[in-house]
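# Understanding the architecture of this molecule
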Amino acid sequence: MAVSDQVNAEVSSLRDEINTHNHRYYVLDDPQITDQAYDRLYRKLQAIEQQHPELYSTESPTQRVGSPPATHFKTVEHRMPMLSLDNAFDEGEMHAFEKRLLDKLGLGDQALHYTAEPKLDGLALSLLYQQGKLVRAATRGDGKSGEDITANARTLPSIPLRLFGSKVPSGIEIRGEVYMEHAGFAELNDEQRNIGGKVFANPRNAAAGSLRLLDSRITATRPLTFCSFGIGWLEGYDLPDSQYQRMSLLRSIGIPVSAYIERVEGVQGCLDYYQRILAQRDSLAFDIDGVVFKLDDTTQQALAGNVAKAPRWAVAYKFPAQEVMTRLIGVDFQVGRTGALTPVARLEPVSVGGVKVSNATLHNMDEIHRKDIRIGDMVIVRRAGDVIPEVVAPVVAQRTGELPLPKMPELCPVCRSDVVRQEGQAAYRCSGGLICAAQRKEAIKHFASRKAMDIEGLGDKLVEQMVELGMIQSISDLYHLDLSQLAGLERMAEKSASNLLQALDTSLSTTLARFIFALGIREVGEATAEALALSFGSINEIMQADIEKLQQVDDVGPVVAENIVFFFAQQSNRDIVQNLIKQGIHWPEIEVTESSQKLPLAGLTYVITGTLEGLSRDQAAVLLKAQGAKVSGSVSAKTSAVIAGAKPGSKVSKAEALGVKVLDQAGFESLIKINGVSID
Ligand code: IVH
């Protein structure tokens, strides 16, 4: 084979491989390799393509980087109008929706079936594929014509540049929503703040702004995702006459479809689905503003027809709004674990996304000034996912007269130490360190929290009481407490006091990652603590490491490395660690590895549930992670297996429903033993 044939074959196989992994990730929600392994393939392809420009192809997965800026977007007509949806806000309106349909179809009180999906909060996109190739992407615009944003859409990794399989029609227009996940949105806004760029009010605005940039090279850097919700038109293929089956067909030709799509029966089925999705709303990675129901039978859809701009056969049952307006009554300043003073808005109580809110974060003083938020303003408050509520913006149009700007106090509201601001940093801090009761309280609360030492029964109120009474000065004092001291506290009976002592004792058996996280080093979160534990394997090694060595760990940049060195340079912190070790804190040994890539369980994700014999769930997680596996808290189609100890709970039934493997104690033991680890 000539060299160029070989190169050709390699490029084409790399492209296929990368496309397959994209498909597994975005469409099947079931990745088979780690992000790092994916990046390696991608970089390899990129390198060969750079050496052989003659192999350039617009369809290569490397060609999602965008192209030089356009001066404007072309207007394009939609062959079939892009309709909107009618809304329902309560059960009565859902019953009325079904009644209208039954009357229109003349079906009396027969049961109708619906396809149910979450209503993604982004913006609609139309994708045109000809002979399986993406040829055009357009926004909804006014429904009749939109903007041609093909260059931008091509940069989204979840949009296939080519469809595949035997069912690809000669022409198809696919419709769906482009949105931004919470994590990507927060990261984007942080970056925008750092570079003094535009900060977006919510993920929907960020998605819309990013998709409509004239420079697609910038769009390529924005964390946008596409999920399809229907077909505009199609040629050269006979579609099934069920909405649900049509969506399955889309999935089978490589188009992402909601993982939550279901076929439900009657209004009752719709109402149950609504409640199920509402219950998950806060734990989803993205915003949804309701659920959408579509008549499943497409012949019935055609009979029902459209009214004005919306189909009669579909409805959006909306969730309570996640952005509402209320009045800002005042601003308090809260002192955090690291002494940072955060402005907290005191609000006229209001219900946001179904939860009563009377406080919300204002982030920092720069943000208050940039947004020009005044005390007394009407403000927009947003609460989405498990993120704390925030004030998004003032409603300036409703401002009457001069209103005062909030002011940072000169002295700490808790310990009266000076409030200082380090050069170049947004945060103002109390200079009192652990003299400040607020910082002490927060450090101890963090230490005891679920993701840190998980000390059951040591709630926030109790910590506050103990610090106020001077019973504990630092975290290591916790393990000196005795029954009589605890039983003397407010709302503490002897039984709960002895339970707490037991919980403290149990917490001594932990993992190195949890312990590092629990110490509360500035900017060392769970993931960084985990990376430090895996790469150093011992607390002493970490305490002795210099900035350079620390920076060799994935996840640790110069600022975090400096924070770690600074933390352990304090004798008081070294004493705390030594005291805790003396008091018996311990964790399973970790074998240090060069790179988790080479490990036998790399790329696999496990969920642990129930009680395992001889080790805690955390300890089991350490053993799995030491072999390169990921451990997750919830079961999804991506889960490689669920490890079920005694009394496992609902995760096993969820796994069974999804066809995910379930391993019992023996299965787990052989899994890690095969991979060279022993649990005793
Ligand atoms: S169906 C004819 N399904 O909501 C049917 N729309 O308020 C038209 N949306 O313009 C749309 N998730 O941008 C449908 N699962 C979903 C959706 C969805 C979000 C958006 C879409 C539409 C708007 C209508």
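Position numbers for residues start from 1 in each chain and track the written sequence from start to end. Local features in this predicted model are restricted to residues whose pLDDT is 70 or higher, and side-chain atom pairs enter the listing and the counts only when it is 80 or higher, whereas totals over whole chains, interfaces and linings include all residues. The basis for the side-chain values is all heavy atoms of the structure; hydrogens and waters are excluded.

### A word on the sheet that holds strand β21 (residues 605-609)
Strand pairing is assigned whenever DSSP identifies at least 2 bridges connecting the two strands. Numbering of helices and strands starts at the N terminus; helices are DSSP runs of H or I of at least 4 residues and strands are runs of E of at least 2. Reading across from one edge, β22-β21-β23-β24 is the order of the four strands in this open sheet, with parallel pairing throughout. Each edge of the open sheet is held by one strand with a lone partner, namely β22 (630-632) and β24 (661-663). Strand after strand, the sheet turns through a mean of 30 degrees between neighbouring axes, direction not considered. Across three bridges, β21 lies against β22 in parallel orientation. In the strand pairing of β22, Tyr-606 is matched with Val-631. Relative to the sheet, helix α22 (residues 617-626) contacts β21, β22 and β23 (641-644), its axis offset from that of β21 by approximately 165 degrees. Axes here refer to lines fitted to C-alpha atoms; in helices the fit is confined to the stretch in contact. Angles between the N-to-C directions go from 0 to 180 degrees. Contacts are residue-level and defined by heavy atoms, with any inter-residue pair within 4.5 Å sufficient.

### Details of the pattern of salt bridges
For this analysis, a salt bridge means a side-chain nitrogen from Lys or Arg found within 4 Å of a carboxyl oxygen belonging to Asp or Glu. Enumeration over the complete set of coordinates arrives at 32 salt bridges. With a shortest N-O distance of 3.8 Å, Lys-74 and Asp-148 are connected by a salt bridge. Here Lys-74, found in the loop between α2 (35-51) and β1 (75-77), pairs with Asp-148, found in the loop between β6 (145-147) and α4 (150-153); they are 74 residues apart in sequence, far enough to count as distant. Judged by relative accessible area, which is 52%, Lys-74 ranks as exposed. The closest approach of N and O atoms between Asp-190 and Arg-193, which form a salt bridge, is 3.2 Å. Of this pair, Asp-190 and Arg-193 both sit in helix α5 (residues 182-194), separated by three residues, roughly a single helical turn. Buried means the residue's accessible area, taken with a 1.4 Å probe over protein chains only, is under 20% of the maximum for its type, while exposed means over 50%, and partly exposed covers the values in between.

### Quick look at the site of the ligand
For the ligand, the full set of nearby residues is Leu-83, Leu-85, Glu-117, Pro-118, Lys-119, Leu-120, Ala-124, Glu-177, Phe-229, Val-292, Lys-294 and Pro-311. Measuring from an oxygen atom of the ligand, one finds a side-chain N or O atom of Glu-177 at 2.5 Å. Computed with the Shrake-Rupley method and a 1.4 Å probe, the accessible areas treat only the protein chains shown as cover for residues. When the ligand sits alone it has 520 Å² of accessible area, and the protein chains cover 87% of it. Secondary-structure elements contributing two or more residues to the shell around the ligand are β3 (113-120) and β10 (288-295). The greatest single-element share of the shell around the ligand, amounting to four residues, is contributed by β3. The residue makeup of the shell around the ligand, split by class, is eight nonpolar, no polar and four charged. If a single non-hydrogen atom of a residue is within 4 Å of a molecule or strand, that residue counts as near it. Polar contact is defined as a pair of N or O atoms within 3.5 Å, subject to the rule that within protein one atom must be able to donate a hydrogen and the other to accept it, and that residues adjacent in sequence are counted only when both atoms are side-chain atoms. When residue character is reported, Ala, Val, Leu, Ile, Met, Phe, Trp, Tyr, Cys and Pro are called nonpolar, Asp, Glu, Lys and Arg charged, and the others, Gly included, polar.

### Comments concerning helix α12 (residues 437-448)
The first and last C-alpha atoms of α12 sit 16 Å apart over twelve residues, in line with the 16 Å expected at 1.5 Å per residue. Extensive coverage of α12 is indicated by the burial of nine of its twelve residues. One less than the number of residues in a helix, times 1.5 Å, gives the span that helix is expected to have.

### Notes on the pairing of strand β4 (residues 123-130)
The buried count for β4 comes to seven of eight residues, which makes it a mostly enclosed element. Direction of pairing for β4 relative to strand β5 (residues 133-139): antiparallel, over a ladder of six bridges. Bridge pairing in β5 links Ser-126 to Ala-138. Counting the residues that bridge the hairpin from β4 to β5 gives two residues, and of these Gln-131 lies at a positive phi of roughly 45 degrees.

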